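Chain residues, written in single-letter form:
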Amino acid sequence: MLQPSFPLLVSDLDGTLLTDQKKVAPETVAALVLAREHGMSLAIASARPFRLIRAVIDPETLALFDAVIVSNGAAILSPEGTRILYEDALAPGELAELITHLRARYPDAGFGWESGTEFGSDRRLLELAERGGVLRDPHPDRVRELPESPAHQLVLAPGDELPRDLIEAIRVEIGDTYAVTDSLGGVVEISPARVTKADAARIWAESLGHSLARVVAFGDEHNDLPLLRAAGLGIAMGNATAEVRQTADRVTDTNINHGVARALRALLGQDNATPLPRFEKNS
């Protein structure tokens, strides 16, 4: 059996493994099964918390993965979500300071926080989510002015502005202690700078006796950039942003056209129509 050059796979979810209908296509599932048959270990790396990952992936497909990286790298969970393999949370006092500072700068924004299995928020974010376009699940019973427990991630819903347009300004506001990004979920995502998909992927890889050089990674958005840069092979989706396509080592087909499946089959030498590409890191 052909042994893959990259025994570990780490893939983004939205716009990558998922189609635009928020499903994992049968073609992609078949390629993931093939990868496992060739001895690869698989992980998801998403901005979503675990409950919102489980909402779009059926249990049988989720069971193909060995780990689930959530909230842009703030935690690594077992595929059934019952075991925390790693986590790095923001303390309530730190969250309160960030929110108070940013609320003064962006008075129309709403704020929310991922606290383990639940999402808490202020009332403004609840109102913005009811308009649509916010990929979070606030609830009136979990509305607070400020969080009372540690959180994996702080999010800011800017109202009428695009989250991506605020990234640099917020980064200047709060300093380089924090990573500020956007994954097209309708919010700006704020985590400690040490928390990225790349760092979580490194921790997971090292737990299996490998380095990031043995990882093939897939992604399409701004929050995937650290992972695509650090992986042994970073593959951008055909639907990825221009910056992501230019950063990655290779570009595959779109999420609609099963880009992850196509690249995996080529990597494993199972696509007779497409010669196995030269998969080495660009200089």
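Just so you know, these numbers come straight off a predicted model, no measurement behind them.

Parameters and conventions
Residues numbered from 1 in each chain as written. Predicted model: local features only at pLDDT ≥ 70, side-chain atom pairs only at ≥ 80, totals over all residues. Heavy atoms only, no water. Pairing = 2+ DSSP bridges. Helix = DSSP H or I, 4+ residues; strand = E, 2+ residues; numbered from the N terminus. Axes fitted to C-alpha atoms, helices over the stretch in contact; angles between N-to-C directions. Contact = heavy atoms within 4.5 Å. Parallel < 35°, antiparallel > 145°, perpendicular 65-115°, else oblique. Left-handed = near helix turned anticlockwise from the far one by under 90°. Nonpolar A, V, L, I, M, F, W, Y, C, P; charged D, E, K, R; others polar.

Enquirer: Could you give me a rundown of the sheet that holds strand β7 (residues 118-121), with the residues and numbers involved?
Expert: Pairing within the open sheet is antiparallel, and its 5 strands lie in the order β7-β6-β8-β10-β9. Among the strands making up the open sheet, the edge pair consists of β7 and β9 (178-181). Across the sheet, the axes of successive neighbouring strands diverge by a mean angle of 25 degrees, strand direction being ignored. In this sheet, strand β10 (residues 188-192) lies alongside β9 in antiparallel orientation, the contact comprising 4 bridges. Its bridge partner being in β10, Ala179 is matched across the sheet by Ser191. Along the sheet face, helix α6 (residues 123-131) touches β6 (110-115), β7 and β8 (153-157) and points at about 95 degrees away from the line of β6. Across the sheet, helix α7 (residues 163-174) touches β8, β9 and β10, and the angle it forms with β9 is around 165 degrees.

Enquirer: Could you give an account of the sheet that holds strand β2 (residues 41-45), naming the residues involved and the relevant values?
Expert: Sheets are built from strands that pair by backbone hydrogen bonding, the pairs being arranged parallel or antiparallel. A sheet is described by the order of its strands in space; here 8 strands give the open sequence β5-β4-β3-β2-β1-β11-β12-β13, paired in mixed fashion. Each end of this open sheet is capped by a strand with a single partner; those strands are β5 (84-87) and β13 (250-251). Bridge analysis of strand β12 (residues 233-236) against β13 gives 2 bridges, and the strand direction is parallel. Within β13, the residue paired with Ala236 across the bridge is Val251. Taken strand by strand, helix α8 (residues 197-207) contacts β1 (8-11), β2, β3 (67-70), β4 (75-77), β5 and β11 (215-219), and its axis lies near 155 degrees from that of β1. Most of the contacts of helix α11 (residues 259-267) go to β11, to which it runs at about 160 degrees, and overall it touches β1, β11 and β12.

Enquirer: Would you mind going over the packing of helix α5 (residues 92-105) against α7 in detail, with residue names and values included?
Expert: It is the contact of α5 with α7, at a shortest axis distance of 11 Å, that shows an interaxial angle of 125 degrees. The pairing of α5 with α7 is recorded here as oblique in orientation. As α5 runs across α7, the sense of the crossing is right-handed. Residues Leu98, His101, Leu102 and Arg105 of α5 lie in contact with α7, whose contacting residues are Ile170, Glu173 and Ile174. Grouping the constituent residues of the contact of α5 with α7 by class yields 4 nonpolar, 1 polar and 2 charged.

Enquirer: Describe the packing of helix α2 (residues 26-37) against α11, listing the residues and the values that go with them.
Expert: At a minimum axis separation of 8 Å, α2 and α11 run at an interaxial angle of 30 degrees. In terms of orientation, α2 and α11 fall into the roughly parallel class. Remark: the crossing between α2 and α11 carries left-handed chirality. Listed contacts from α11 to Glu27, Thr28, Ala31, Leu32, Leu34 and Ala35 of α2 are Ala261, Leu264 and Arg265. Partitioning the contact of α2 with α11 into residue classes produces 6 nonpolar, 1 polar and 2 charged.

Everything listed here is a matter of geometry and, on its own, says nothing about what the molecule does.
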